[in-house]
Amino acid sequence: MSTMQRNGGGVGAGGQPWVLRRVRLTWLSFMLFFILVFFPLIAHYYLTTIDEAGGPDKRIFGPRPGGELCEAKHVQDLCRIRESVSEELLQLEAKRQELNGEIARLNLRIEACKRSIDSAKQDLLQLKNVISQTEHSYKELMAQNQPKLSLPVRLLPDKEDPGLPPPKSGRSCRLRSCFDYARCPLTSGFPVYVYDTGSYPWADYLDPLVKQAFAASVKNNLYITDNPSIACLYLVLVGELQESVSPLPSPLELEKQLKALPYWRSDGHNHVLVHLSRKSMTQNFLYNVSTGRAAVAQSTFLEQQYREGFDLVVSPLVHALTEPNFLEVPPQVPVKRKYLFTFQGERVESLRSSLQEAPPQSFEEEMEGDPPADYDDRIIGTLKAVQDSHLDQVLVEFTCKNPRPSLPTEWALCGEREDRLEVLKVSTFGLVIAPGDGQLVASAGCGMRLFEALEVGTIPVVLGDHSRLPYHQFIRWSEAAIIVPKPRVTELHFLLRSLSDNDMLAMRRQGRFLWETYFSTSENVLNTLLASIRTSIQVPAAPIKEEPVHEIPHKAGKLAGTDANLADNGDLDLGPVETEPPYASPRFLRNFTYTAADTYRAWNQAPGPFHLFPHTPLDPVLPSEAKFLGSGTGFRPIGGGTGGSGKEFQAALGGNVPREQFTVVMLTYEREEVLMNSLERLNGLPYLNKVVVVWNSPKPPSDDLLWPDIGLPIVVVRTEKNSLNNRFLPWDAVETEAILSIDDDAHLRHDEIMFGFRVWREARDRIVGFPGRYHAWDVNHQSWLYNSNYSCELSMVLTGAAFFHKYYAYLYSYVMPQAIRDMVDEYINCEDIAMNFLVSHITRKPPIKVTSRWTFRCPGCPQALSHDDSHFHERHKCINFFVKVYGYMPLLYTQFRVDSVLFKTRLPHDKTKCFKFI
């Protein structure tokens, strides 16, 4: 009870204050709500109404012109802050722009510095390459012990020319005693002065055809000079004389006329008296004439008259003003012909002579005073016995219906020249019987028989080892003819039967080479005469003149990029990443060696398996032949990690020449876009020296054409005419021995090109390339065919993508028969076949095909000449025509194809080395 009272009393006592406090809190909450909600609304409405009622010029919170807003004290600080911020923003914007400009300038300087660094790196790399080249050259010179020497100063002869001490007798003249070497220094160039035939006292006696042929040959000779004061040699034409001229000048009169020559200088030293024979009955009117120190070059010599090593036995001049028709020359195969051997001739019984008698004795008296041992009767009996035995078909005739005039004791020629050639064309061997008198060591009749046999491919058989054949000091006649003494005539039949077909074919080819090179034309006869004298006195031949380049100006465009198709280099590493600067092949290293040490090889290098090329003394020295002939003499260090076995394939070029580059020669005709793409694909190709573009069109390139910059020279050559032969001209811009001949639409990867270059370096005398072709015999039509089908063998590699030596460019342009080049121009075709014929004819080896993709033509390129239907018909005709010109089929088959040593061999990266046998 008391508790409840306390509670009730508590509530009753304190209830009023609690209620009042609750009401007050409610009121305060309402007032706060009203103030917080309605007061802002009322203020907003009021302020908005005042701005709208006062107009735009009386607004309090809107933008006001001038400084009205700033008049209010409470907003002046805000204005100052805004102005300060605006100024700072403007300053910051100006600084930002200035910094952006500075950044741009610094970026440009950075790019310039980067370019300078790259350029400096390139310069440093070039300096390193130059140092490396110098080190290589030093090592080569030390290894070869052949320092490069400059040529000595050319010596000029003394104008007064005091002369030489007189020899004991004119018959004892030799070069050492009768020739003035002082007029012919090694660097003289061998100048030759030729007397004008019209100024001779005996000029009216000379045969007109001989005079014309001699004058025409002199005009085209590169050694002839018009300045007699610097001449090394003086030529005097003394024959052949006309038959109708009579009487001939006496020996004493002739001696006086010779001494009256303006440059005879009392004894005639360094003079050569030239007598060219056109007939078998020639006048030896220099017999018993004292020629002093002058040498004599003619076809007929007596033993007492001939001065060994000083006088020259020359060949007769058969084709005086005409060129031989190579298409009429019979083929060299089959080896065996209808007759085993033939001989047609009549022995001159009476001692007839066309020589002038002079004291002490005439030619007739000389021969009568020393009768020879007569083997002629034994020869006649033996040869008739062979003919009567019918073991082999032979033709021997010892009587003639119409014998040609001949010297005493000599066998006269029968009939006309055309009739004799028809008999020789069906003869395997042709007999050349020496004169019966041994004193007649050389005669025009024997020379004529020898010339006719070689001309038609008949192997000469010389009976009489005492005879002096033309240029016997230099020509190794045993390689082209069979020379036996007369006492062995009884064994002659056995000897001829014992020769194999290969031996006979080799002799026939050597004889054809000698005839074409030394005897076939009047120009060759003169060249051979001068070359024999120049070789005797050991003066090097003059350098051959290369084709001068008439360059077409062009402007380079952007830097060439890298073709994505060329990025995959297959299984073959290309070579060092850094490429060497252009490096030319060494030149003129063996000129004197050829002249002094390789005399016999130079004169007898007919095409054959043991001779690489027909370099003869008639040919000027080629600038690039040194490395071609002596490629094995280059310095190649072995062992010690510097080369050879164990050397990484990427860093070793291979071959026997330590450092070498090649030149790309590209033929094009009005296909600018295709050409530019092909040039761009050469960018970054290692060991490339330069690119020579043969512009074969008369229309020049477009003025706005931009040529790609591949980092190497691009030489654009203007040609005189549109000819496919221009591809193989020896341009002077080509400074390397290796030439990559490539069509403008050929598409080759860099690894394929590099592998072909490596292979060529180890087979420098061959054509090394990619597309292979072969020839085939058509049994039905009895002719040769050109075949481009894929086959297991080949005999040609097309030069649209092939490496070859520059030496063959000289041979193709200057040595190969002109008829072949004419046919190439006629058909606008077959130049690649002609080059394959030439190289196979010289080396007797087939070309080498290297591995490549099945197709290498440019996809999407314009139509080429090879797509024409008549293309293959023309190539059939070319092959058969070339066979007629060469006389046989020089192409050889091969089933050989070259792959790299580690072709498709998967090895670990650290094991990829190319091991070679050293």
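Residues numbered from 1 in each chain as written. Predicted model: local features only at pLDDT ≥ 70, side-chain atom pairs only at ≥ 80, totals over all residues. Heavy atoms only, no water.

- Named according to an unreviewed UniProt entry, the protein is Exostosin-like glycosyltransferase 3 originating from Sander lucioperca.
- Heading Subcellular location (unreviewed entry) of the UniProt record for the protein holds this comment: "Endoplasmic reticulum membrane". (UniProt positions renumbered as here; feature names shortened; annotations may be inferred.)

## As for the overall build of the protein
Link 1 in the chain: Counting its secondary structure elements, the protein contains 22 helices and 27 strands.
Link 2 in the chain: Counting every position in the protein, which comprises 918 residues, the buried fraction comes to 50%.
Link 3 in the chain: Considering only intrachain contacts with a sequence separation of at least 6, the fraction spanning at least 24 residues in the protein is 80%. (Helix = DSSP H or I, 4+ residues; strand = E, 2+ residues; numbered from the N terminus. Buried < 20%, exposed > 50% of the residue type's maximum accessible area, 1.4 Å probe, protein only. Contact = heavy atoms within 4.5 Å.)

## Remarks on the pattern of salt bridges
Link 1 in the chain: Counting across every chain of the model gives 34 salt bridges.
Link 2 in the chain: Taking the shortest distance from any N to any O, the salt bridge between arginine 417 and glutamate 455 comes out at 2.8 Å. Of this pair, arginine 417 sits in helix α9 (residues 417-424) while glutamate 455 sits in helix α10 (residues 444-455), and the two are 38 residues apart along the sequence.
Link 3 in the chain: Since its relative accessible area comes to 8%, glutamate 455 is described here as buried.
Link 4 in the chain: Among the ionic contacts, a cluster of salt bridges with common partners joins Arg347, Asp376, Asp377 and Lys486. (Salt bridge = Lys/Arg side-chain N within 4 Å of Asp/Glu carboxyl O.)

## With respect to the packing of α9 against α10
Link 1 in the chain: Closest axis-to-axis distance for the α9/α10 pair is 9 Å, and the angle between their directions is 55°. Classed by the angle they form, the pair α9 and α10 counts as oblique. As α9 packs across α10, the resulting crossing turns out to be right-handed. Contacts between α9 and α10 involve Arg417, Arg420, Leu421 and Leu424 from the first element and Phe451, Glu452, Ala453 and Glu455 from the second.
Link 2 in the chain: The residue inventory of the contact of α9 with α10, partitioned by class, reads four nonpolar, no polar and four charged. (Axes fitted to C-alpha atoms, helices over the stretch in contact; angles between N-to-C directions. Parallel < 35°, antiparallel > 145°, perpendicular 65-115°, else oblique. Left-handed = near helix turned anticlockwise from the far one by under 90°. Nonpolar A, V, L, I, M, F, W, Y, C, P; charged D, E, K, R; others polar.)

## With respect to the nonpolar core
Link 1 in the chain: Phe190, Leu233, Leu235, Phe519 and Leu529 are the most contacted members of the largest nonpolar core, which totals 83 residues.
Link 2 in the chain: Looking at this core, the element that brings in the most residues is strand β2 (residues 233-239), giving six residues.
Link 3 in the chain: In contact with leucine 233, other than residues within four places in its own chain, are Phe179, Phe190, Pro191, Val192, Tyr193, Asn270, Val272, Leu530 and Ile533.
Link 4 in the chain: Listed in part, the 49 residues of the second largest apolar core include Leu724, Leu811, Phe881 and Met889. (Core = buried A, V, L, I, M, F, W, Y, C linked by side-chain atoms within 4.5 Å.)

## Observations regarding the state of the cysteines
Such a bond, covalent and formed between the sulfur atoms of two cysteines, is termed a disulfide.
Link 1 in the chain: The full count for this structure, using the stated rule, is four disulfides.
Link 2 in the chain: The disulfide that involves cysteine 184 links it to cysteine 232, with 1.6 Å between the sulfurs. Around the S-S axis, the bridge from cysteine 184 to cysteine 232 shows a dihedral of about 95° and counts as right-handed. Remark: cysteine 232 occurs in the loop between α5 (208-219) and β2 and cysteine 184 occurs in the loop between α4 (175-178) and β1 (192-194); sequence separation between them is 48 residues. Across the pair, exposure class does not vary: cysteine 184 and cysteine 232 are buried alike. (Disulfide = S-S within 2.5 Å.)

## A look at empty space enclosed by the protein
Link 1 in the chain: What the rule picks out here adds up to 10 cavities of 30 Å³ or more.
Link 2 in the chain: Computed from the structure, the largest cavity encloses a volume of approximately 150 Å³.
Link 3 in the chain: Around the largest cavity, the lining is made up of 13 residues, and of these Phe343, Gln344, Leu424, Leu431 and Arg449 lie nearest the centre.
Link 4 in the chain: Within the residue set of the lining of the largest cavity, elements represented by two or more residues are β7 (339-344), α9, β11 (427-433) and α10.
Link 5 in the chain: Considered class by class, the residues forming the lining of the largest cavity number seven nonpolar, three polar and three charged. (1 Å grid on protein atoms, 1.4 Å probe; cavity = no way out; pocket = protein on both sides within 12 Å on 5 of 7 lines; lining within 4 Å. Points joined across faces, edges and corners; volume = space filled by probe spheres on them.)

## With respect to the sheet that holds strand β22 (residues 772-778)
Strand pairing in a sheet is mediated by backbone hydrogen bonds. Such pairs are either parallel or antiparallel.
Link 1 in the chain: Sheet architecture is open: three strands sit in the order β23-β22-β24, paired in antiparallel fashion. The strands lining the two open edges of the sheet, one partner per strand, are β23 (783-787) and β24 (796-797).
Link 2 in the chain: Here two bridges tie β22 to β24, and the two strands are oriented antiparallel to one another. Along β24, the bridge assignment pairs arginine 773 with methionine 796. (Pairing = 2+ DSSP bridges.)

## Some words on the packing of helix α12 (residues 501-519) against helix α13 (residues 522-536)
Link 1 in the chain: Orientation of α12 relative to α13, taken along the N-to-C sense of each, is 85°, at an axis distance of 6 Å. By the angle between their axes, α12 is roughly perpendicular relative to α13. Contact with α12, carried on its side by Glu516, Thr517, Tyr518 and Phe519, involves Asn524, Val525 and Thr528 of α13 and no other residues of that element.
Link 2 in the chain: Broken down by class, the residue content of the contact of α12 with α13 amounts to three nonpolar, three polar and one charged.

## Some details on the sheet that holds β7
Link 1 in the chain: Pairing in this open sheet of five strands is parallel, and the strands run β9-β7-β11-β13-β14 from one edge to the other. The open sheet is flanked by β9 (395-397) and β14 (482-484), the only strands paired with a single partner. Taking each pair of neighbouring strands and ignoring which way they run, the sheet shows an average axis angle of 20°.
Link 2 in the chain: The sheet contact formed by strand β13 (residues 459-463) and β14 spans three bridges and is parallel. Within β14, the position partnered with valine 462 by the bridge is isoleucine 483.
Link 3 in the chain: In the packing of helix α8 (residues 376-389) onto the sheet, the strands contacted are β7, β9, β11 and β13, and the crossing angle to β9 comes to about 140°.
Link 4 in the chain: Lying over the sheet, α9 contacts β7, β9 and β11, oriented at roughly 160° with respect to β7.

## Notes on the packing of aromatic side chains
Aromatic ring pairs are reported here in terms of the distance separating the ring centres and the angle at which the planes meet.
Link 1 in the chain: Within the structure shown, the criterion is met by 32 aromatic pairs.
Link 2 in the chain: Ring plane angle 40° and centroid distance 6.4 Å describe the contact between tyrosine 195 and tyrosine 234, whose orientation is recorded as tilted. Linking tyrosine 195 in the loop between β1 and α5 with tyrosine 234 in strand β2, this pair joins segments that are 39 residues apart in sequence. By the burial criterion, tyrosine 195 is buried, and tyrosine 234 matches it.
Link 3 in the chain: Geometrically, the ring pair formed by phenylalanine 662 and phenylalanine 757 is tilted, given 4.8 Å between the ring centres and 50° between the ring planes. Of this pair, phenylalanine 662 sits in strand β16 (residues 662-668) while phenylalanine 757 sits in helix α18 (residues 750-761), placing them 95 residues apart in sequence.
Link 4 in the chain: Phenylalanine 757 sits in the buried class, given a relative accessible area of 0%.
Link 5 in the chain: Each member of the aromatic cluster is reached from another via a ring pair, and the members are Tyr471, Trp477, Phe513, Tyr518 and Phe519. (Phe/Tyr/Trp six-rings, centres within 6.5 Å; stacked < 30°, edge-to-face > 60°.)

## Brief notes about the environment of proline 553
Link 1 in the chain: Examined against the element boundaries, proline 553 turns out to sit in the loop between α13 and β15 (555-559).
Link 2 in the chain: Classification of proline 553 by relative accessible area gives exposed; the value is 72%.
Link 3 in the chain: Along the chain, proline 553 and aspartate 703 lie 150 residues apart, while their C-alpha atoms are 9.6 Å from each other.

## Regarding a nonpolar patch on the surface
Link 1 in the chain: Residues Phe30, Leu32, Phe33, Phe34, Ile35, Leu36, Val37, Phe38, Phe39, Leu41 and Ile42 make up a contiguous nonpolar surface patch of roughly 1100 Å² in combined accessible area.
Link 2 in the chain: Structurally, the position occupied by leucine 41 is in helix α1 (residues 2-54).
Link 3 in the chain: Note on leucine 41: relative accessible area 54%, which makes it exposed. (Patch = residues over 30% accessible without salt bridge, like charges linked within 9 Å, V, L, I, M, F, W, Y side chains within 5 Å. Areas by Shrake-Rupley, 256 points an atom, 1.4 Å probe, with all protein chains shown as cover.)

## A closer look at unusual backbone geometry
Link 1 in the chain: Cis geometry is adopted by the peptide bond preceding glutamate 240, which originates at glycine 239 and carries an omega value of 25°.
Link 2 in the chain: Here glutamate 240 shows up in the loop between β2 and α6 (251-259).
Link 3 in the chain: Put simply, valine 333 and proline 334 share a cis peptide bond, and its omega is 0°.
Link 4 in the chain: When you line up the elements, proline 334 lands in the loop between β6 (312-313) and β7.
Link 5 in the chain: Even without a glycine there, the phi angle at glutamine 538 is positive, about 60°.
Link 6 in the chain: Note that glutamine 538 resides in the loop between α13 and β15.

## Let's talk about the confidence of the model for the protein
Link 1 in the chain: Mean pLDDT over the protein: 80, with 74% of residues reaching 70 or higher.
Link 2 in the chain: Overall, residues 1-14 carries pLDDT values under 50, and its contacts beyond four positions in sequence, including any with other chains, amount to one contact.
Link 3 in the chain: Ignoring residues within four places in sequence, the model shows residues 606-617, a span with pLDDT below 50, making 51 contacts including any to other chains. (pLDDT = per-residue confidence, 0-100.)

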